[in-house]
Amino acid sequence: MKAGVLFSGGKDSSLAAVLLSRDYTVELNTFVFSPERSLLAVERAARAIGLPWFRRTFGEGLLDRAVEMVLASGYPNGAIQMVHREALRSLAAEYRVIADGTRFDDRIPMLSRDEVQSLQDTTGCSYLRPLLGFPRREVDRLAARHLQIAHGETGSIENGDYEAEIREGVRSRGKDAAGFFPAGHAQSLVTGIIDDMRVRYT
């Protein structure tokens, strides 16, 4: 059975995808607001872990909605959560199984149990979070063992995270994005594979 995985090119979504590939035919999906956004590094990350990759574009107006939420609240959390829900709903329209790289200690994006149940009930999909039982230190340990990873702050590393485009949208309104987003937000990008975790069935 196919599983559509939300993929930023970072270590969390990469590990989740590789773990699921043991039992599902995994397809990687990266969502962008602008079809012109460069995702060459994300595409290379997908090739490195050996899974098919698709670029998807959000519907018109979603970026404006996210930026308005950031400007109104003064924080990005609600906007990122909303965008993540939209990405999951979009995937659920195409796959019976959807997944992401949400970890045990993630706060945003993180769907509550009620939100997960609602998503599954309304779309008929199964929503999997294979890293949900793993704290960050264990994800980092597994990632370092199996994947080559580049690290950097948002904006300095070319991955498929929603935040980069939302920051740009805030700047396009004449606002300093640094005043709304926390400083030093670490990002990752998979650049290669050290040890293939996938089980080969014969």
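Cut-off values and rules
- Residues numbered from 1 in each chain as written.
- Predicted model: local features only at pLDDT ≥ 70, side-chain atom pairs only at ≥ 80, totals over all residues.
- Heavy atoms only, no water.
- Phe/Tyr/Trp six-rings, centres within 6.5 Å; stacked < 30°, edge-to-face > 60°.
- Helix = DSSP H or I, 4+ residues; strand = E, 2+ residues; numbered from the N terminus.
- Buried < 20%, exposed > 50% of the residue type's maximum accessible area, 1.4 Å probe, protein only.
- Pairing = 2+ DSSP bridges.
- Axes fitted to C-alpha atoms, helices over the stretch in contact; angles between N-to-C directions.
- Contact = heavy atoms within 4.5 Å.
- Core = buried A, V, L, I, M, F, W, Y, C linked by side-chain atoms within 4.5 Å.
- Right-handed = clockwise from strand over helix to strand, strands pointing away.
- Salt bridge = Lys/Arg side-chain N within 4 Å of Asp/Glu carboxyl O.

## Topic: the packing of aromatic side chains
Inference 1: The final tally for this structure, using the stated rule, is three aromatic pairs.
Inference 2: Relative to F58, the ring of F31 has its centre 5.0 Å away and its plane inclined at 25 degrees; by these criteria the two rings are stacked. Residue F31 is found in strand β2 (residues 25–32), and its partner F58 is found in the loop between β3 (53–57) and α3 (62–73); the two are separated by 27 residues along the sequence. Accessibility assignment for this pair places F31 and F58 in one class, buried.
Inference 3: By relative accessible area, F58 is classed as buried at 8%.
Inference 4: Three or more aromatic residues joined by ring pairs make a cluster, and in this case those are F31, F33, F58 and Y162.

## Quick look at the sheet that holds strand β5 (residues 126–128)
Inference 1: In spatial order, the strands read β3-β2-β1-β4-β5; together these five strands make up an open sheet with parallel pairing. Each having just a single partner strand, β3 and β5 make up the two edges of the open sheet. Each strand of the sheet is rotated relative to its neighbour by a mean of 30 degrees, with strand direction disregarded.
Inference 2: Pairing between β2 and β3: five bridges, direction parallel. What sits directly across from F31, in β3, is R56.
Inference 3: Contacting β1 (2–6), β2, β3, β4 (97–99) and β5, helix α4 (residues 77–92) crosses the sheet at an angle of about 160 degrees to β1.

## Some remarks on the nonpolar core
Inference 1: Core analysis: the biggest nonpolar cluster contains 29 residues, and F58, V83, I98, Y162 and I166 have the highest contact counts within it.
Inference 2: Looking at this core, the elements that each hand over two or more residues are α3, α4, α5 (113–123) and α7 (163–172).
Inference 3: Among the elements that line this core, the one with the most residues is α4, at eight residues.
Inference 4: Setting aside residues up to four positions removed in sequence, Y162 forms contacts with L6, F33, F58, I80, V83, H84 and A87.

## With respect to the pairing of β2
For a regular strand, side-chain orientation follows a simple rule: the groups alternate between the two sheet faces.
Inference 1: Most of β2 is tucked away: seven of the eight residues are buried.
Inference 2: In the classification by handedness, the crossover that spans β1, the intervening helix α1 (residues 11–20) and the parallel β2 is right-handed.
Inference 3: Crossover connection from β2 via helix α2 (residues 40–49) to parallel β3: handedness right-handed.

## Describing the pattern of salt bridges
Inference 1: Tallied over the entire structure, the rule returns 17 salt bridges.
Inference 2: Taken together, the salt bridges that share partners define one network made up of K11, D12, R103, D105, D106, R136 and D140.

This is a description of form; function is not addressed.
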